[in-house]
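Structural characterization, general
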Protein chains: 2
Amino acid sequence: MEGISNEVCSLAAHWGLGKLIAFYDDNHISIDGDTAIAFTESVDTRFEGLGWHVIWVKDGNTGYDEIRAAIEEAKAVKDKPTLIKVTTTIGYGSPNKANSYSVHGSALGGKEVDATRKNLGWPYEPFHVPEDVKKHWSHHTPEGAALEAEWNAKFAEYEKKYKEEAAELKSIINGELPAGWEKALPMYTPESPADATRNLSQQCLNALAKVLPGLLGGSADLASSNLTLLKMFGNFQKDTPKERNVRFGVREHGMGAICNGIALHSPGLIPYCATFFVFTDYMRAAIRISALSEAGVIYVMTHDSIGLGEDGPTHQPIEHLASFRAMPNILMLRPADGNETAGAYKVAVLNRKRPSILALSRQKLAQLPGTSIEGVEKGGYIISDNSSGNKPDVILIGTGSELEIAAKAADELRKEGKAVRVVSFVSWELFDEQSDDYKESVLPVAVSARVSIEAGSTFGWEKLVGPKGKAIGIDRFGASAPAGKIYKEFGITAEAAVAAAKEVC
Amino acid sequence: MEGISNEVCSLAAHWGLGKLIAFYDDNHISIDGDTAIAFTESVDTRFEGLGWHVIWVKDGNTGYDEIRAAIEEAKAVKDKPTLIKVTTTIGYGSPNKANSYSVHGSALGGKEVDATRKNLGWPYEPFHVPEDVKKHWSHHTPEGAALEAEWNAKFAEYEKKYKEEAAELKSIINGELPAGWEKALPMYTPESPADATRNLSQQCLNALAKVLPGLLGGSADLASSNLTLLKMFGNFQKDTPKERNVRFGVREHGMGAICNGIALHSPGLIPYCATFFVFTDYMRAAIRISALSEAGVIYVMTHDSIGLGEDGPTHQPIEHLASFRAMPNILMLRPADGNETAGAYKVAVLNRKRPSILALSRQKLAQLPGTSIEGVEKGGYIISDNSSGNKPDVILIGTGSELEIAAKAADELRKEGKAVRVVSFVSWELFDEQSDDYKESVLPVAVSARVSIEAGSTFGWEKLVGPKGKAIGIDRFGASAPAGKIYKEFGITAEAAVAAAKEVC
């Protein structure tokens, strides 16, 4: 019933995953009663439409031969995934609760367990494995050991012949990153041309793909907007499995779920996936599973604010930064320029047990003096300051595309004689992990004159600007207009930051 | 491709929506290129599996008769929805851009528009409607007027015969709530039995259904857990359309989308829908559309914290309260007991242009002295206070299931001679709308000793507790254990609140 499940099922057939066998427990019982109250489609026909081989086992309760035959048939079909629909009775064997929801939602209870044992002719104690069952399974241990030894011997031979390839495979199995990989990250100076962070992200991805053999991924049908293609690779398809550009189609949830699987398969596989930031709403459950399962997926989320312009409020994220800052075990990163985008990728690659979300701009941004990879690694850091003694008149805090605006406002204020510190706040989570001394060196408790500027919900910013500070942001839905115009209309400007700074200091 | 679309398509067939005709523009172009790079399923077969009637128009560019015939066929099929697959060329007629993505993502441009006009033999000025086209369409105006007059006459007759029914229909069309409807809301005293707010919600829903003819809804296969059945009604099904319990199946996004449609259809229709609070992750895009489209859907979200117990971290919301407080035009309500649940429903019913999310407990909660419907309407209010002159030693702020804990902590502190105010903070949005005077009367600026307690992310609470206060909450994923045990383990207790209060005052 859950629609999102259709996404990976469609892709499984598209990719011809012949080794995939899915069992569908067709027991006709849902929590609210017989599935017929809400579910009368033909699952068989639907999966045939998706391109699966479908087998129906009519008696899943006792039809052991039928089940065995179905599995053999499924294994023989090598060009498509197979769905084995198994019609069963839920709670089979329980004399009073079989075929009802009550065996799904709660334990049978001692009395009904006894009655079920009797009914099924199972006279053993709880957790007792009868001798003949043990015997039946016992051949698996030596068989498995033999298979492992065979594989190890094969790999030893392979290693002799193909030293480099074997080392690469080992690094993916062990998750060891190649020494000096981070040197591949591009560096920028304030003289580098202004650019959108989505484009700078593309430069990072392409640089990293050369040194990280496990880096692979793609976009949910927005590769040309998210700028996520690895130029030296082709498309990962049924007949080209060694390529690294995955074409997920318009399937955000499935994309996230697949990347979770890749990340959890081997620690050296580093999956990334991409869509517009606002469409994380379609894949939020998958992202939460990344966080909960400690899967270091890299989420490349472009078009990260009203700055995307004419697509309007349906496409403009507002609450999304706040909503992920509130989610446990997520690194929410919003880089401001080239060096910060490189820094965000460094952090994302190093964090193999914590997913990273990179919020990236559609619009061009200046390369700012003072930004650095090392700064990003601390979450928040000073990019410019004309104060002394850790006592600026005012601290301006910006993230991503608004750091440039904060820097401009600082220039104005300094012209008027103010001592102004500009702080880039790329990641709240990383800053939280710094020492108290470091935090004090960036945001001294004694300085309550603070202004934050971020083109998103101000929810949460009180923590950083305090009751005497001001948070400039957007607490309504966006609007359709060119980026420059909408920024002005919504008051996300250097003038507004200057005015707010004067109010607070 | 988007999986969630499958949900409503499955339900449309289940409900036999014979009037629904969907056109599928089969142009084989997606943003990243030919759809074949990611999409090779048979859409026809899939929809047949869902139970749709499927027609294929092979030439959607110029096959006018074929299109007309398909529409007639679709109208004749009255027991199923129809999908008309129309194979077309995207950008048909454009000599240089037809059949490519470039006609999707950007404007043709003046030169290509000219070339297209020439190619299609359309010699008119922009926006000019030729006389024969105008003439061809002109009969629609008098025909429409005649149909409207006919309907009005029919309704006038109906109104004479069925006064009550006609008034009800009118009230649904106009959105006028019946006078005194809110008197149906149940009232509670501290002596009323302790109860889960999900159960108190069921009492409200059942009381309101008697007085609000437009109230209808249901759950995504969790009716027995969300407690959302209207007991005086049966199931809304193909042959029982007058019933009001909608069985959505396990289809959260589709459920939200359908409720948006109901809410926007007529202002007097008041749809509600339900699932576990954590599963809002599966329907976040639908909820955002409620907010953006000003659809007053009531989201009944039970099992709203770690208090749900053994289902564990996959089912325990942590960041969800914060994530919706950050979303524009949402009313996030977390009532603490019977009176507050009634208050939340009063607010939700009155807000026809703003969706409400009710976060409700699985576990039983005490009926607290001092709670009221009027208090809820203000968002935040004092439920008990032994201070004078608006100068308590400390303010304890709780929401939902933790208000009881705040109240217990206050009792302890008062025994030790402290002047303690307890504030229930049901809705941040409603409190924000109050006057400065009212806000000062509840949370005086001069009192910086504040402690909040909420079994969820502390993200955002700094706004209310300030830099000198303490926010008790949960900034990690949950765990599987009985509610009492996990609350203790995670430090969401009266003892913790007492200790925090002593630290800050």
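Residues numbered from 1 in each chain as written. Chains lettered and ligands numbered in written order. Predicted model: local features only at pLDDT ≥ 70, side-chain atom pairs only at ≥ 80, totals over all residues. Heavy atoms only, no water.

1. Digging into the sheet that holds strand β1 (residues 21-26) of chain B
All names here are of chain B.
- The 3 strands lie next to each other as β1-β5-β4, forming an open sheet whose pairing is parallel. The open sheet has two free edges, formed respectively by β1 and β4 (53-57), since each of these has just one partner strand. Going across the sheet, the axis of each strand differs from the next one's by a mean of 20°, ignoring polarity.
- Along the sheet, helix α3 (residues 64-76) contacts β1, β4 and β5 (82-87); its crossing angle with β4, the most-contacted strand, is approximately 175°. (Pairing = 2+ DSSP bridges. Helix = DSSP H or I, 4+ residues; strand = E, 2+ residues; numbered from the N terminus. Axes fitted to C-alpha atoms, helices over the stretch in contact; angles between N-to-C directions. Contact = heavy atoms within 4.5 Å.)

2. Brief notes about the packing of helix α1 (residues 5-14) of chain A against helix α11 (residues 252-265) of chain A
All names here are of chain A.
- Between α1 and α11, whose axes approach to 7 Å, the crossing angle comes to 70°. Between α1 and α11, the angle falls in the class roughly perpendicular. Crossing angle aside, the handedness with which α1 passes α11 is right-handed. Across the interface between the two elements, Glu7, Val8 and Leu11 of α1 pack against Glu252, His253, Gly254 and Ile258 of α11.
- Looking at the contact of α1 with α11 residue by residue, the classes come out as 3 nonpolar, 2 polar and 2 charged. (Parallel < 35°, antiparallel > 145°, perpendicular 65-115°, else oblique. Left-handed = near helix turned anticlockwise from the far one by under 90°. Nonpolar A, V, L, I, M, F, W, Y, C, P; charged D, E, K, R; others polar.)

3. So, the sheet that holds strand β10 (residues 270-276) of chain B
Residue and element names in this part refer to chain B.
- Strand order across the open sheet formed by 7 strands is β8-β9-β7-β10-β11-β13-β12, with parallel pairing between neighbours. Taken across any chain shown, the strands that pair with only one partner, and hence form the sheet edges, are β8 (235-236) and β12 (331-333).
- Relative to strand β11 (residues 298-302), β10 is paired through 5 bridges, and the arrangement is parallel. Within β11, the position partnered with Thr275 by the bridge is Met301.

4. Digging into empty space enclosed by the protein
- Tallied over the entire structure, the rule returns 6 cavities of 30 Å³ or more.
- Estimated volume of the largest cavity: approximately 90 Å³.
- Forming the boundary of the largest cavity are 14 residues, of which Ile4, Asp281 and Tyr282 of chain A together with Asp281 and Tyr282 of chain B lie nearest the centre.
- For the lining of the largest cavity, the elements supplying multiple residues, two or more each, are α12 (284-292) of chain A together with α12 (284-292) of chain B. (1 Å grid on protein atoms, 1.4 Å probe; cavity = no way out; pocket = protein on both sides within 12 Å on 5 of 7 lines; lining within 4 Å. Points joined across faces, edges and corners; volume = space filled by probe spheres on them.)

5. Section: the relation of the copies chain A and chain B
- Of the transformation superimposing chain A on chain B, the axial component is 0.0 Å and the angular component is 180°, with the fit at an RMSD of 0.1 Å. Viewed as a symmetry operation, the transformation between the two copies matches a two-fold axis.
- Of the interface residues in chain A, 100% have counterparts in chain B that sit at the interface too, so the contact is made through matching surfaces. (Least-squares fit on C-alpha atoms with pLDDT ≥ 70 in both.)

6. With respect to the packing of α1 of chain A against helix α2 (residues 43-50) of chain A
Residues and elements named next belong to chain A.
- Interhelical geometry of α1 versus α2 gives an angle of 50° and a closest axis separation of 8 Å. It follows that α1 is oblique to α2 by the angle criterion. Note on element contacts: α2 touches α1 through Arg46, Phe47 and Leu50, opposite Asn6, Cys9, Ser10 and Ala13.
- Its residues placed into classes, the contact of α1 with α2 shows 4 nonpolar, 2 polar and 1 charged.

7. Points about α11 of chain A
Residues and elements named next belong to chain A.
- Look at α11: 20 Å from first C-alpha to last across 14 residues, which is about the 20 Å you get at 1.5 Å a residue.
- The element α11 is extensively covered by neighbouring structure, given that 10 of its 14 residues are classed as buried.
- If you follow the buried residues of α11, they end up packed against α1, β7 (215-219), β10 (270-276), α12 and β11 (298-302). (Expected span 1.5 Å × (residues − 1). Buried < 20%, exposed > 50% of the residue type's maximum accessible area, 1.4 Å probe, protein only.)

8. Section: the pairing of strand β18 (residues 450-453) of chain B
Residue and element names in this part refer to chain B.
- Alternating positions in β18 separate into two faces, Arg450 and Ser452 on one and Val451 and Ile453 on the other, with burial throughout.
- Across 4 bridges, strand β16 (residues 394-398) lies against β18 in parallel orientation. Looking at β18, one finds that Ile397 is bridged to Ser452.
- Direction of pairing for β18 relative to strand β19 (residues 470-472): parallel, over a ladder of 3 bridges. Bridge pairing links Ile453 to Ile472 in β19.

9. Section: the interface of chain A and chain B
- Counting from both sides, the interface comprises 69 residues of chain A and, opposite them, 70 residues of chain B.
- Summed over both partners, the interface of chain A with chain B buries about 5800 Å², with 59% contributed by carbon and sulfur atoms.
- Ranking the residues of chain A by area buried against chain B places Arg288, Phe459 and Phe477 of chain A at the top, with a combined share of 13%.
- Remark: the boundary between chain A and chain B carries 6 salt bridges.
- For Arg284 of chain A, the salt bridge identified is with Asp281 of chain B, shortest N-O distance 3.5 Å. (Buried area = accessible area lost by both parts, 1.4 Å probe. Salt bridge = Lys/Arg side-chain N within 4 Å of Asp/Glu carboxyl O.)

10. Observations concerning the UniProt feature "domain: Transketolase-like pyrimidine-binding" (unreviewed entry) in chain A
- Mapped onto the present numbering, the UniProt feature "domain: Transketolase-like pyrimidine-binding" (unreviewed entry) falls at residues 195-367 of chain A.
- A helix fraction of 35% and a strand fraction of 19% characterise residues 195-367 of chain A, whose end C-alpha atoms lie 8 Å from each other. (UniProt positions renumbered as here; feature names shortened; annotations may be inferred.)

11. A few points about the side chain of Arg198 of chain A
- Looking at the secondary structure, you find Arg198 of chain A in helix α9 (residues 197-211).
- Beyond its immediate stretch of four places on either side in the chain, Arg198 of chain A contacts Ser225, Asn226, Leu227, Thr302, His303, Leu360, Ser361 and Arg362 of chain A.

12. Section: the environment of Lys378 of chain A
Residue and element names in this part refer to chain A.
- With respect to the helices, strands and loops of the structure, Lys378 is situated in the loop between α15 (373-377) and β15 (380-385).
- Residue Lys378 is classed as partly exposed on the basis of its relative accessible area, which comes to 34%.
- For the pair Lys378 and Asp44, spaced 334 residues apart in sequence, the C-alpha separation works out to 53 Å.
- Here Lys378 is in contact with Leu430, Phe431, Gln434 and Tyr438, once residues within four sequence places are set aside.

13. Focus: the environment of Val297 of chain B
Residues and elements named next belong to chain B.
- Residue placement: Val297 occurs in the loop between α12 and β11.
- A residue is classified by how much of its surface remains accessible, and Val297, at 0% relative accessible area, is buried.
- Remark: the alpha-carbon pair of Val297 and Pro355, spanning 58 residues in sequence, is separated by 4.8 Å.
- Sequence-distant contacts of Val297, that is, excluding residues within four places in its chain, are made with Cys259, Asn260, Ala263, Pro271, Cys273, Ser290, Pro355 and Ser356.

14. Some points on the confidence of the model for chain A
- Considering every residue of chain A, the mean pLDDT works out to 97; 100% of them sit at 70 or more.
- Predicted complex metrics record ipTM = 0.97 and pTM = 0.97. (pLDDT = per-residue confidence, 0-100.)

15. Section: unusual backbone geometry
- Look at Asn329 of chain A: it is not a glycine, yet its phi comes out positive at around 55°.
- Following the sequence through the fold, Asn329 of chain A ends up in the loop between α13 (320-325) and β12 (331-333).
- By relative accessible area, which is 28% here, Asn329 of chain A ends up partly exposed.
- Phi is positive for Asp221 of chain B, which is not a glycine, with a value near 60°.

16. Let's talk about the pairing of strand β17 (residues 420-425) of chain B
Residue and element names in this part refer to chain B.
- Most of β17 is tucked away: 6 of the 6 residues are buried.
- The pairing of strand β15 (residues 380-385) with β17 spans 5 bridges and is classified as antiparallel. The residue bridging Ser384 from the neighbouring strand is Val422, located in β17.
- Crossover β16 to β17 through helix α16 (residues 403-415) is right-handed. (Right-handed = clockwise from strand over helix to strand, strands pointing away.)

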